[in-house]
Amino acid sequence: MQISVAWLREYVNPAISTEELVAQLTMAGLEVDSVTPAAADFSGVVVGEVLSLEQHPDADRLRVCQVNVGGDAPLQIVCGASNVRVGLKIPAALVGAELPGDFKIKKSKLRGQESLGMLCSAKELGIATSAEGLLELPADAPVGTDIRDYLSLNDSIIEVSLTPNRADCLSVEGLGREIAILNKMDWSIPYLNEPVYTNAQMDWAITQVEPVGVQHQDVLSVVVAVPEACPRYLGRLIKNVNPKAETPLWMQERLRRSGLRSLGPLVDVTNYVLIELGQPLHAFDADKLNGKMTVRYAQTDEALTLLNGQEIKLDTETVVIADDTRALAVAGVMGGNDSAVSDATQNIFLECAFFAPLQLAGKARRYGLHTDSSHRFERGVDATLQTRAIERATQLIVAIAGGSVGPITEVTTEQYLPARPSLYLRKQRLQKILRCDFQDAEVIDIFQRLGMVINSDADGWQVTPPGFRFDIAIEADLIEEIARIYGYNNLPSSSLLMRSKLGLATETLLDINRVKHLLVDRGYQEAITYSFVDEDIQRAVAPDDICVRLQNPISSELSVMRTTLWCGLLKTALYNTNRQQNRVRMFETGLRFVNQAGQTQQQKMLAGLILGTATAEQWGEKNRKVDFFDMKSDVEAIFALLGCSAQFVPAQHPALHPGQTAAILSEKGDNIGLLGMLHPHLEKQLGFDTQVFLFEVDQELILKKQPPKFKSLSKYPSVRRDMALIVKEDVAIAALIACIKGGNEQSLQDVVVFDIYRGKGVEEGCKSVALSLTMQNNSQTLADSDIDAIFNRVLETLTNKLNAKLRD
């Protein structure tokens, strides 16, 4: 929420700087995210008045203006704005003025006519992103006054990040009240000119706006069919408002500094009261309504076109405001386009209601919406505020656009209005939690400043929070309020007493951080993605998996729980490739959520992705694209940390290329994960323009480490013998190696494949595999006869089991 500091200081003005005020709010739990100036830096601009204007003799679109800027004589300024006219008051930049963007005003000639300044738009002053003409100032703007002083542009805008429990501070009044409490100050509502809270009296007053005089007795009937969702509903007819009225500049500026643009006086007033008091309101065009106003649940498949042009199908759990013929608005969220006010509106029905937070929770997100109204109603609005808010809005509408005011129609169901529970705070508990001995008077002072009703006894205090504090529900909340207002920095500090005990480090379990470091050493970067993913990408990557759908997703792109970490990695990789990152290597450790026997289980997984070139650009080696075996070597490096090897067997997966997919098995045959190339169809669907390779393994299985065993080194020399075999094309290399090692030759130390050949001299459907056998004995030097015997036995085993034969 954005708030103007100058507006805030009209309510309460402590003798502290903006920086100190920001620190004070943050330490009280109302974190300030940013502080920005209300306008760009400029100087030398004053309020000017156009006294006369003439057509430029040499330019059709230029006018030669005589402008009073409060000096001894008018200045001649050439202007091309379409809205310049005699009597208009505007910002005038004098010669020597410096405007945003290092733009300096100099004495100049425009098409032969002398110009001694410039008449400015809001955009040129840096207070708007666009402008259609000069910034028009009120007729009573004092000529010659510095525009920064006149518009209070030497102001700051603070952006406060409120936690969901502090809806009471979602307004200027709410923040002002909090600042008064923190500084032990009186504070007042500016337009009432009377104190609302007086520190010396330790008392709060429920203050109402003076009612606007009723000028006609016409009403619209109101029926609340769902009082549990809408315990209080107020409305009134205001007739004959001026459709040509304009929002005053002071209100436009306050709305701008609150992050809202001006949309006309009727909408601006409702937005202004929303920011000022924290109470959402809505104005309907009364001439577009048919019959009575009804608060009800939507009918099945009832349609509504919203103010933003979005057409939605309503469900039967959504509360709507309707007339006799159709739904007009989604209650507490957004109005409908068919009943919206416009430049032609002359009669309005002004609505102000209290909607139950639990009834509205999640309804806006269900339709992909999040509005200022829904943000407040979902968190809780003061149920006693509606009468004051509608009177304040009426007061502003009549002052700006005129109109004849009708009586307020109110429908209230007391039994559904929220009641603040009375809570008991134990002295002993307060002292134990905060480690501080508070005097009774000090605790009573804090609670009374917070607007709470308090009764004390020997053991503690019975406290009833005010209506606007929805977050005070248990004893711990009262303790938190004491700590906040007393000041966290004022509480005694103490070191935690921790009896440390060294944990047991087992040699049979590998630390996941060691695996991460290995992957980083191999050029990977760690990614952290959401466990919530887009349902479309989830179904594309794992169409056969049963995924968990969120009841109230943050957005449609985060609507289901992932069953594979590939969803987040693919999205992240695509984000990077779209920004000219042509070599991507990343991994992620995290949870996936899978359905097993009807139950959702969490599994810790490790996943990786590579694409692009195998090495970074360099001069020493020609670049090549990564392939299946690059990723396979990275996975094998992980198993090398475990002191074991993995088996890679052909497999199938909907997201992977059918010819380049392998299941990863442990030495015992346990399925650990998958490795492969992204399916070309999915690659194209997601928007990749290069091959993508992925792996995903079960964290718990890959972290089971075999303890190292000592093996003495032989003092006798090793011998290498090469063997070239012809085998069928479908014989896996892993099967060859496993067959050789399965022969239990004690002197055979290692087997390495160093060449695979297909082509001339090799029968079609076969391949030539060249292997090196390393032999070494621990007790003697191997003789040629020993070596030949081992070689022949290995060859015989391969021939019998895999039908291999020596290549000629």
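Here goes a summary of the coordinates provided. (Residues numbered from 1 in each chain as written. Predicted model: local features only at pLDDT ≥ 70, side-chain atom pairs only at ≥ 80, totals over all residues. Heavy atoms only, no water.)

### Looking at the overall build of the protein
Part 1: The number of helices and strands found in the protein is 21 helices and 42 strands.
Part 2: On C-alpha atoms alone, the protein measures out to a radius of gyration of 38 Å, which is more than a quarter above the 28 Å that the 2.2 N^0.38 rule sets for 808 residues.
Part 3: In terms of overall dimensions, the protein has C-alpha extents of about 120 × 90 × 60 Å along its principal axes.
Part 4: The burial tally for the protein puts 49% of its 808 residues in the buried class. (Helix = DSSP H or I, 4+ residues; strand = E, 2+ residues; numbered from the N terminus. Rg over C-alpha atoms; globule rule 2.2 N^0.38 Å. Buried < 20%, exposed > 50% of the residue type's maximum accessible area, 1.4 Å probe, protein only.)

### What to know about the sheet that holds strand S41 (residues 766–775)
Strands pair in a sheet through their backbones, by hydrogen bonds, and they do so in one of two ways: parallel or antiparallel.
Part 1: With antiparallel pairing, the four strands of this open sheet are ordered in space as S40-S41-S39-S42. If you trace the sheet from one side to the other, it starts and ends with strand S40 (748–757) and strand S42 (805–806), each paired once.
Part 2: Pairing geometry for strand S39 (residues 719–728) and S42, over two bridges, is antiparallel. Note on S42: the bridge partner recorded for Leu725 is Leu806.
Part 3: Set on the sheet, helix H20 (residues 733–741) makes contact with S39, S40 and S41; between it and S40 the angle comes to about 155°. (Pairing = 2+ DSSP bridges. Contact = heavy atoms within 4.5 Å. Axes fitted to C-alpha atoms, helices over the stretch in contact; angles between N-to-C directions.)

### Some words on the side chain of Thr18
Part 1: Its location among the elements puts Thr18 in helix H2 (residues 18–27).
Part 2: Every residue in contact with Thr18, bar those within four places of it in the chain, is listed here: Val5, Arg9, Val35 and Ser156.

### Some details on helix H14 (residues 512–521)
Part 1: Every buried residue of H14 is accounted for by Ile512, Val515, Lys516, Leu518 and Leu519. Across the axial projection of H14, the buried residues extend over an arc of 160°, all falling on one side.
Part 2: Packed against the buried residues of H14 are strand S30 (525–526), strand S33 (584–596), strand S34 (599–611), helix H17 (628–642) and helix H19 (699–702).
Part 3: Put simply, Asp511 is the residue that caps the front of H14, since its side-chain oxygen is 3.0 Å from the backbone nitrogen of Asn513.
Part 4: Taken from the residues just after H14, Gly523 is the one with a positive phi, measuring 100°. (Arc of directions from axis to C-beta. Polar contact = N/O pair within 3.5 Å; in protein donor to acceptor, adjacent residues only side chain to side chain.)

### Considering the sheet that holds strand S38 (residues 692–698)
Part 1: Pairing within the open sheet is mixed, and its seven strands lie in the order S30-S33-S34-S38-S37-S36-S35. With partners counted over all chains shown, the strands left at the sheet margins are S30 and strand S35 (647–650), one partner each.
Part 2: Note: S33 against S34, 13 bridges, orientation antiparallel. If you follow Leu591 over to S34, its bridge partner there is Lys604.
Part 3: The strands touched by H14 are S30, S33 and S34; relative to S33, the strand with the most contacts, the crossing angle is about 140°.

By themselves, these figures tell us nothing about what the structure is for.
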